[in-house]
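Each chain is listed here by its residues.
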Amino acid sequence: MRPAFSKKVKLCIIFENFLQQFAYLKTVMNMELQNKSIDYWHAIAIGGASISSYEESLLSQMKKEPPSRISVIFERECNLHCNHCLYQNEHSSQEFSQHAGLEMILNNIMQQLSRNSEHQYGPSLLHAGRTILPWHIEVLNRIKERTDDVKIGLIDNGSYVKYIDFFKTKCLILDWLDISCDGPEYIHNLQRDPKRRTAYSQMLNGFKHAAEIVQSKVLGGSLNALFTVTTLNYDFVEQTYKMLSNETDISTLHVTPMTPYHPRNFSISPTSKHIFHAFEQVLSINKQNRFNIKPLVFFKLYGIEQFQKFVDTMDVRAVKDMINTMRVSQEVAIFNVNGCNVYFYPTSLWPQNEFLIDADGAQRVAYSQKYTLNQLQDKAATGVYTVQQLSPASDYQEAHEAGVKHWWRVFGRKTIEYEKDVFQRRLFS
Ligand code: SF4
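Residues numbered from 1 in each chain as written. Predicted model: local features only at pLDDT ≥ 70, side-chain atom pairs only at ≥ 80, totals over all residues.

Caption draft 1: Seen up close, the pairing of strand β4 (residues 176-180). β4 sits mainly inside the fold: 4 of its 5 residues count as buried. By the bridge criterion, 4 bridges tie strand β3 (residues 151-156) to β4 in an arrangement that is parallel. Bridge pairing in β4 links L154 to L177. Crossover β3 to β4 through helix α7 (residues 164-170) is right-handed. Two elements, β4 and strand β5 (residues 222-229), share 5 bridges in a ladder whose sense is parallel. Of the residues in β5, the one forming a bridge with L177 is L223. (Buried ≥ 20, exposed ≤ 12 C-beta atoms within 10 Å, placed from the backbone. Helix = DSSP H or I, 4+ residues; strand = E, 2+ residues; numbered from the N terminus. Pairing = 2+ DSSP bridges. Right-handed = clockwise from strand over helix to strand, strands pointing away.)

This is how it looks when you write it as structure tokens:
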């Protein structure tokens, strides 16, 4: 049954909504666009402006903002089979990389990355998966030698330790290392390695040896932990933080609710309650860590579905208050909830976030990892996830522009419509 409002209450609600609409429209009209794509996104998704009125400016601005960070999937095979993994099971992709000349493609792109100080990271390369192998260490080392201002990072599950002597032989020092940690021993193993249950010790070993291959904190290096929230571990954020603070030397912990990509993940996909409960623990950690003495903890939402779930447990007023605190920075919208920042990455602006190079040297888009390399190469089935094959002579700016155009046509425009719809309904319901 619909709530039975009296006529007077209904009128009050309509009037309040009208005032809010008016205030937002006024903000948008007066908003001095900083000329960043996130500002146009703000005008559309939050301000409620029509997409077509800003579409041209938004696209032209996106093209002017090629990311200074390259994400490279060096290898598609992994030693673990995590429940929540974006990737499918597949074989090593090394021969595809050699065939495509991945190293030469990377060299060429790294030379062209912007050295503009406006960029958040500076020129950098993220080894984004799935596990590092000796030949990757050689490639990364040669890239460092050729372009010494490039920063190199690695996302790993701790398996890099197998090759730690090779890192040392090659004198490769990483600028940052992210290791996934999804809970105390039983939970981490349940989520990441349910059969062999060795993932936890591998992960801790990864943290233990990090200082041997990561730049020291005083020289700008950082060691970070990544926590993916699922139905299995949502109750263990605080406990995990305490364990990591005591047993490792992390600088930050990043807590991110899982977005389900495969039917096999649906059963562990966190609901609104799980997500908000994880956030409450982040709040509690932040309250206890007011002077930022201990590792910092961040709560991040990727995609509007996760945002929607997050606000679903909040009442209308709290959501409006939260949206009213929003500020934008680079490609992220930052909300304040009870004194704690919530970082939201709009998927519609994905090309500003990363430039993705796959193991076969192809430029691909977000979520392409959920297909195997064979499937992606079979363009008839998965063509929309591939922008183009890169070559050692590709022009980075042109490739980024092609990526923006492709993303917008296939996913971006639809996504911003959805994002706008969610924000507008939340603001003016
Ligand atoms: S360690 Fe990472 S890449 Fe490997 S299976 Fe787990 S989530 Fe996937």
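Caption draft 2: Geometry of the site of the ligand. All residues adjacent to the ligand are C78, L80, H81, C82, C85, Y87, G129, R130, N157 and R192. For the shell around the ligand, the per-class residue count stands at 5 nonpolar, 3 polar and 2 charged. (Near = placed C-beta within 6 Å. Nonpolar A, V, L, I, M, F, W, Y, C, P; charged D, E, K, R; others polar.)

Caption draft 3: Summary view of unusual backbone geometry. Between G129 and R130 the backbone carries a cis peptide bond, its omega angle lying at -20 degrees. With respect to the helices and strands, the residue R130 is situated in the loop between β2 (124-127) and α6 (134-146). Backbone geometry at C171 places phi at a positive 55 degrees, although glycine is not the residue there. Structurally, C171 is set in the loop between α7 and β4.

Caption draft 4: The pairing of β2, seen in detail. Side-chain alternation along β2 places S124 and L126 on one buried face and L125 and H127 on a second face that is also buried. Sheet topology places strand β1 (residues 69-72) next to β2; 4 bridges connect them, and they run parallel. If you follow V72 over to β2, its bridge partner there is H127. Between the parallel pair β2 and β3, the chain is carried across by α6, and the sense of this crossover is right-handed.

Caption draft 5: Representation of the environment of P257 within the structure. Mapped onto the elements, P257 comes out in strand β6 (residues 252-257). By the C-beta count within 10 Å, which is 28 here, P257 ends up buried. Along the sequence, P257 and A278 sit 21 residues apart, while their C-alpha atoms lie 8.4 Å from each other.

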